[in-house]
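What follows is each chain in one-letter form.
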Amino acid sequence: MESSSDSQDLSFNKQLEEEHPEWKLDFQELVKEFESEPDETLGWQLVISQDQAMIYQREFAEHSFHMFRARYKLKGVSCDLLMDMVYNLERRRKWEPAFSTMEIVEELGDQYDICYFKVKGPWGISDRDFVQIRKLFQHGDATYLGLKSVVHPEKPEFTDVIRAETLISGYCVRPDPEDATTVILETLSQTDVKGLIPVSIINYFAGRKIANWIATLTQACESRVEEIKQEAAITEVEAPSLESTS
């Protein structure tokens, strides 16, 4: 994953917008959401507070599905490592077993791509899948990943899987201004999982699923940090032997 320290243009790629106007992501709105505080004046309600995680929900008159926002502080990792654990699908497959399928359908250039995700449903619940456009970008000192559902000819709907819809989804990773050893991860999501599951049940459990996801991600990041340390130690041990043979 590559990121730049410079802020990038927040407008959607013009060529993609001309070819697929329905794919357009509103990056300005995404950044605005993350830069604002999730307080009650904006409709946010704190639903879960545990360890370093705060999870909020907001209701909308035009949508029955709530929007969820999480803020979490993680110590001892870099911003690049944390975003890589989320963005890099090859790495993400190893720590997020809820997805039975996770693949890039099409590389669009300029750090845009189309991805396909399939979630294995519990007994009695149909599997769900998603087709999403993603964009990784930098703004200020934060790295963002924006996503939304799209239609793509290479991934038509399947009769035995329910196609869910991501209305908005995003991740924001930035340094903690109060602690140089800590990074802040924020997530934003509003998803219509479709099907016959009552919306009230989905809204009730969504925040708890996010809390579990954060815990799993934390463990994966800690494991990755240890892997990097071990790789560095092996390199240090091998380097002198290589010099001795030259």
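To start, this report covers the structure provided alongside it. (Residues numbered from 1 in each chain as written. Predicted model: local features only at pLDDT ≥ 70, side-chain atom pairs only at ≥ 80, totals over all residues. Heavy atoms only, no water.)

1. A few points about the pattern of salt bridges
One pass over the full model with this rule turns up 21 salt bridges. With a closest N to O distance of 3.2 Å, E37 and R71 form a salt bridge. Taken together, the positions of E37 in the loop between α2 (27-35) and β1 (44-50) and R71 in strand β3 (residues 67-75) put the pair 34 residues apart, joining distant regions of the chain. Classification of E37 as partly exposed rests on a relative accessible area of 46%. Classification of R71 as buried rests on a relative accessible area of 17%. Put simply, E37, R69, R71, R174 and E186 are held in one network by salt bridges that share partners. (Salt bridge = Lys/Arg side-chain N within 4 Å of Asp/Glu carboxyl O. Helix = DSSP H or I, 4+ residues; strand = E, 2+ residues; numbered from the N terminus. Buried < 20%, exposed > 50% of the residue type's maximum accessible area, 1.4 Å probe, protein only.)

2. Things to note about α2
Every buried residue belonging to α2 is among F27, L30, V31, E33 and F34, and all of these are buried. Down the axis of α2, the smallest arc covering the buried residues is 155°, so these residues share one side. Among the exposed residues of α2, those oriented more than 90 degrees off its buried face are Q28, K32 and E35. (Arc of directions from axis to C-beta.)

3. Quick notes on a nonpolar patch on the surface
A cluster of nonpolar side chains, namely I201, Y204 and F205, defines an oily patch on the protein surface of about 310 Å² accessible area. For F205, the location among the structural elements is in helix α5 (residues 199-244). (Patch = residues over 30% accessible without salt bridge, like charges linked within 9 Å, V, L, I, M, F, W, Y side chains within 5 Å. Areas by Shrake-Rupley, 256 points an atom, 1.4 Å probe, with all protein chains shown as cover.)

4. Side note on the environment of K32
Here K32 shows up in helix α2. For the pair K32 and N203, spaced 171 residues apart in sequence, the C-alpha to C-alpha distance is 24 Å.

5. Description of the environment of G109
Tracing the backbone shows G109 in strand β4 (residues 99-109). Distance from G109 to K135, taken between C-alpha atoms, is 9.7 Å for residues 26 residues apart in sequence.

6. So, helix α3 (residues 79-87)
Of all the nine residues making up α3, eight are buried; the element is thus mostly covered by neighbouring parts of the structure. Of all the residues in α3, the buried ones are C79, L81, L82, M83, D84, M85, V86 and Y87.

7. Describing the pairing of strand β5 (residues 112-119)
For β5, a buried count of six out of eight residues is recorded, marking the element as mostly surrounded by other parts of the structure. Here β4 runs beside β5; their pairing, made up of eight bridges, is antiparallel. From the neighbouring strand, G109 faces β5, where its bridge partner is Y112. Inspection of the sheet shows β5 paired to strand β6 (residues 128-139) by eight bridges, in the antiparallel sense. Each residue of the ladder has a partner; that of V119, found in β6, is R128. (Pairing = 2+ DSSP bridges.)

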